[in-house]
Amino acid sequence: MLKISSLIFACTLLALLRSNSIAYAAYGDELYSEDFDNGFDNVWTPRHFNGADTTGNWAIVNNAYGMIVNQVGQTGNSVSGSENWSDYAYELDMVAVSGADKNIPFRYIKDTNSSLLDKFYEVHVSGNGVYLGKAYGVLNSPPTTTYNFQNNVTYRWRIELVGNKITVFIKTESDSDFTKLLEFVDNNSPYLSGSIGVRVGAGSVIPSGVYFDNIKVYDLSEPEPTPTPLPTVPYYSQHNPQWGGDQYDNLNRTISQVGCALSSAVMVLRYYGIDKLPFGANLVDLNPGSLNQWLNLPQNTDGWWRSGIVNWSALTRIARQLHDLDPGYPKLEYEVIAASNTSRIHDLLEVDHQPLIFRQRLASNTHFVVAHSQEAESPVRQYAINDPWDESKTLFNLPPEVLTRVGHYYPTNSDLSFLYLHADDALKIRLTDPADQTTGHAGSDLVEAIPLSTFDLEYPLANRLDETDSVADPFWSLSVKYPQAGAYILELTAPQPGWYHFEVYAYDQEGNFKLFKEEVYLPDTLPHLYTLTYFNQTAGDTNLTQPVTFASFKQLINALYRDRWLTWSAHNVFQVVINKIETMYRLSRTTGLLILSRQTSALDTLLAKKVITPQIHRLMSQQLTALYATLSAP
């Protein structure tokens, strides 16, 4: 008998759910059920398809639905369900009482003009052969297989439809699980939705009779995700009395006056869940006041750039340290984005929903705000912001406001390497990487040819309580993200002889850093070259050297005397010493290097006797060290 008892079906279903022996999609919500026990619980519509019209032949016999056809080539379909069903599993029992052909149509779309033009897929059985078919469509190289079919035996089919993939399974009442028969991906104008159907037809063997029962349809579509509310960027005011009166960095200013960068950084870190700061073995709440203290810790010598601007790369160390304590905290990576890259800014705000730190130019100083969405494209580009100076200011408009650079933090597990070069604004600077690509000054132009590099002037922080207040002078800021390991050439050109400052911050891939803070005397307007040997795996191995020769050393002490940084007696001492070392070096390289290595103590003596100033002492120490490195090189 065709009918499967409810007990057998329940046991079969339980076995299906528990079995891991075959890969088929999990049951979703039940979309449809029909067992014909009470006649029709759902509407079934016969469709004439081929040969003599069969629409009147369909009937329920012994609580199963089907018919018998008696003419060769005669075929009819009957359909039910929704043509809007897309991804579903179609299960049914099928038993043939006569003939050799058996068919199951699915993703069925009725033609409004003629049933002869209906579109559908079908599983087609002819004898023991199993095939996939497509009415009014082409299947490119569909799979075929064989199965030992017998009439008057009930077979349960399961057909899974997910996107353009079709998978066909079969089992008998004695089987504990389904067997996969066919699997196919239709890349040729696939039918992606449609109702279910049953089909009876005759090939060359007549009569052909097939009946169907226990039909189920399960939803396999991906459930619509419950929208997760996007996190909001928390607001932190630089004027909050909890920290607003604290001394900012080591400047004679307060957080309330110039703490916009500090407060903006806190907002973005908090957005990513970075809510603590590691102070040794202790964790404290992150806010502008505690971050100000953390940046001033002795080990964070890279915490501030000139004029109290937050070193954005130093903050990635906070996330990394927290992640090491608790992997629930994300690591964060930092990058600089050009203000002109409006499409990237839009995508980060509107697609990735990641806040950005905007650097705003205000006359001769700088203000920082946090942008969290783009509100308009024209006639002005408008961004929604958190302004740490003024909570009521919520929009940033371009123009008239001026955006000069964008900072971006994002979760990462990769590479925190960076190079930063800062130099006095009076200098012209140029950095050439190991691939001979240059960023910096090129005549009167500013070039950024090193990949992922930026170069511009960094202006002091704004103090809107006193618009005339300038924290410090502007300085050149050059950055390279993911710098290539190897030897870089740093070129400095001064407008006139004098003392100048520059700093190099070298970060490796783990965010460890090495800092070079240099005070140099440039005796002429010719380019002065330094070699930066950068290691992206171990920042501690990075070195900054200046090629110094006997000739360049003499040129320097003569310029220092000429510009009255050395007295006549100090100049004579250095001249006599360097001439003696050069003479000995020419005679014996070993002896010359030995004498040169002992000059540090001589410098200490000159400093103690106030023959030279501490500034000259530092400069001469650097020069002697560099000269020794040059002369002792292989």
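To keep things clear, this report deals only with the structure shown in the data block. None of the values given here were measured: they were computed from a predicted structure. (Residues numbered from 1 in each chain as written. Predicted model: local features only at pLDDT ≥ 70, side-chain atom pairs only at ≥ 80, totals over all residues. Heavy atoms only, no water.)

### Re the overall build of the protein
Going by this rule: Per the convention used, a helix needs a DSSP run of H or I reaching at least four residues, while a strand needs a run of E reaching at least two, with both numbered from the N terminus. Atoms counted for the radius of gyration: C-alpha only. Globule rule: 2.2 Å times residue count to the power 0.38. Partly exposed describes any residue whose relative accessible area lies between the buried limit of under 20% and the exposed limit of over 50%, with all areas from a 1.4 Å probe on protein chains only and scaled to the type maximum. Note on contacts: a residue pair is in contact if any heavy atoms of the two residues lie within 4.5 Å. Each accessible area is a Shrake-Rupley result for a 1.4 Å probe, and residues are judged covered by the shown protein chains and nothing else. We count Lys and Arg on the positive side and Asp and Glu on the negative side, and we leave His and both chain ends out. Note on charges: their place is set at NZ of Lys, CZ of Arg, CG of Asp or CD of Glu.
Across its full length, the protein carries 11 helices and 34 strands. For 634 residues, the compact-globule estimate of 2.2 N^0.38 gives 26 Å, and the protein exceeds it by more than 25% at 40 Å. Dimensions of the protein, computed from the C-alpha atoms along their principal axes, are close to 125 × 65 × 50 Å. Counting across all 634 residues of the protein, residues that qualify as buried make up 51%. Within the protein, contacts between residues separated by at least 24 positions form 65% of all contacts whose residues are at least 6 apart in sequence. Approximately 28100 Å² of the protein is accessible, and the part contributed by carbon and sulfur atoms is 52%. Averaging the locations of the 44 positively and 67 negatively charged side chains of the protein gives two centres separated by 10 Å.

### Considering helix α4 (residues 288–295)
Since the α-helix turns once every 3.6 residues, residues separated by three or four places project in the same direction. Applicable threshold: Pairs of N or O atoms are called polar contacts if they sit within 3.5 Å, as long as, within protein, a hydrogen donor faces a hydrogen acceptor (for residues adjacent in sequence, only side-chain-to-side-chain pairs).
Most of α4 sits out of view: seven of its eight residues are buried. Turning to α4, its buried residues number three or more, namely Pro-288, Gly-289, Ser-290, Leu-291, Asn-292, Trp-294 and Leu-295. On the buried face of α4, the contacting elements are α2 (255–258), α3 (260–271), β16 (276–279), β17 (282–285) and α5 (316–325). If you check the start of α4, you find a side-chain oxygen 2.9 Å away from the backbone N of Gly-289, and it comes from Asn-287.

### Re the sheet that holds strand β27 (residues 445–448)
The condition that has to hold: Should DSSP find at least two bridges between two strands, the strands are regarded as paired. Throughout, an axis means a line fitted to C-alpha atoms (over the contacting stretch in the case of helices), and angles, computed between N-to-C directions, take values from 0 to 180 degrees.
Strand order in this open sheet of six strands is β27-β26-β25-β30-β33-β34, and the pairing throughout is antiparallel. The open sheet has two edge strands with one neighbour each: β27 and β34 (543–545). The sheet shows a mean angle of 15° between the axes of neighbouring strands, direction not considered. Summarising the sheet, strand β26 (residues 438–442) and β27 pair through four bridges and their orientation is antiparallel. Among the inter-strand pairings, Ala-442 is bridged to a residue of β27, identified as Asp-445.

### Structural notes on unusual backbone geometry
In this chain, Ile-206 is followed by Pro-207 through a cis amide linkage whose omega measures -10°. The topology assignment puts Pro-207 in the loop between β14 (195–201) and β15 (208–219). Omega for the peptide link from Leu-398 to Pro-399 comes to -15°, which places this bond in the cis form. Mapped onto the fold, Pro-399 is located in the loop between β22 (395–398) and β23 (402–412). The backbone phi angle of Phe-36 is positive, close to 60°, even though this residue is not glycine. Tracing the backbone through its elements, the reader meets Phe-36 in the loop between β1 (30–34) and β2 (45–50).

### Concerning the pattern of salt bridges
The line we're drawing: A pair is scored as a salt bridge if a Lys or Arg side-chain nitrogen falls within 4 Å of a carboxyl oxygen belonging to Asp or Glu.
Enumeration over the complete set of coordinates arrives at 29 salt bridges. Here Asp-118 makes a salt bridge to Arg-47, at a shortest N to O gap of 2.8 Å. A residue pair is termed long-range when its members are at least 10 positions apart, and Asp-118 in the loop between β7 (101–109) and β8 (119–126) and Arg-47 in strand β2 qualify at 71 residues. Side by side, Asp-118 and Arg-47 carry an identical accessibility label, which is buried.

### Description of α5
When you tally the buried positions in α5, you get seven out of 10 residues, the bulk of the element. Every buried residue belonging to α5 is among Thr-316, Arg-317, Ile-318, Ala-319, Arg-320, Leu-322 and His-323, and all of these are buried.

### Quick notes on the sheet that holds strand β21 (residues 381–386)
Taken together, the six strands give an open sheet; going across it, the order is β18-β23-β19-β20-β21-β22, and neighbouring strands pair in antiparallel fashion. In this open sheet, the two strands that pair with only one neighbour each are β18 (331–338) and β22. Across the sheet, the axes of successive neighbouring strands diverge by a mean angle of 40°, strand direction being ignored. Sheet topology note: the β18/β23 ladder contains eight bridges and is antiparallel. What sits directly across from Ile-337, in β23, is Val-406. Along the sheet, α3 contacts β18, β19 (356–362), β20 (365–376), β21 and β23; its crossing angle with β20, the most-contacted strand, is approximately 35°. Helix-sheet contacts for helix α6 (residues 342–350) involve β18, β19, β20, β21 and β23, and the interaxial angle to β20 is about 65°.

### A word on the nonpolar core
Under the convention used in this document: For our purposes a nonpolar core is just a set of buried Ala, Val, Leu, Ile, Met, Phe, Trp, Tyr and Cys residues, chained together by side-chain atoms within 4.5 Å.
Among the nonpolar cores identified, the biggest contains 51 residues, and Leu-291, Trp-312 and Leu-315 are the most heavily contacted of them. If you tally residues by element for this core, the top one is α3, at nine residues. The residues contacting Leu-315, other than those within four sequence positions of it, are Ala-265, Leu-269, Leu-291, Trp-294, Leu-295, Val-310 and Tyr-409. Tyr-121, Phe-149, Tyr-155 and Tyr-191 belong to the second-largest nonpolar core, a separate cluster that totals 41 residues.

### Examining the side chain of Asp-456
Looking at the element boundaries, Asp-456 is found in strand β28 (residues 453–458). Since its relative accessible area comes to 15%, Asp-456 is described here as buried. A distance of 2.6 Å separates the side chain of Asp-456 from the side chain of Arg-359, its partner in a polar contact. Sequence-distant contacts of Asp-456, defined by excluding residues within four places in its chain, comprise Arg-359, Thr-404, Arg-405, Phe-475, Trp-476 and Ser-477.

### Some remarks on the packing of aromatic side chains
Selection criterion: Ring pairs shown here join Phe, Tyr and Trp side chains whose ring centres sit within 6.5 Å, with only the six-membered ring taken for Trp; geometry is labelled stacked below 30 degrees between planes, edge-to-face above 60, and tilted in between.
Within the structure shown, the criterion is met by 38 aromatic pairs. On the basis of an interplanar angle of 50° and a centroid distance of 5.1 Å, the ring pair of Tyr-121 and Tyr-191 is categorised as tilted. One end of the pair, Tyr-121, is in strand β8; the other, Tyr-191, is in the loop between β13 (179–185) and β14, and 70 residues separate them in sequence. Here the two residues Tyr-121 and Tyr-191 agree in accessibility, since each one is buried. Ring centres of Trp-499 and Tyr-521 lie 5.2 Å apart, and the angle between their planes is 70°; this geometry places the pair in the edge-to-face category. Highlighted residues: Trp-499 in strand β31 (residues 498–507) and Tyr-521 in strand β32 (residues 513–522), separated in sequence by 22 residues. Under the relative-accessibility criterion, Trp-499 is labelled buried at 14%.

### Overview of the pairing of strand β4 (residues 64–69)
Burial runs high along β4: five of the six residues are buried. Examined bridge by bridge, strand β3 (residues 59–61) and β4 share three bridges and lie antiparallel to one another. What sits directly across from Ile-60, in β4, is Tyr-65. Linking two consecutive strands that pair antiparallel, namely β3 and β4, is a turn of two residues; a positive phi of about 55° is found at Asn-62 within it. Across five bridges, β4 lies against β15 in antiparallel orientation. By the bridge assignment, Met-67 is partnered in β15 with Val-210.

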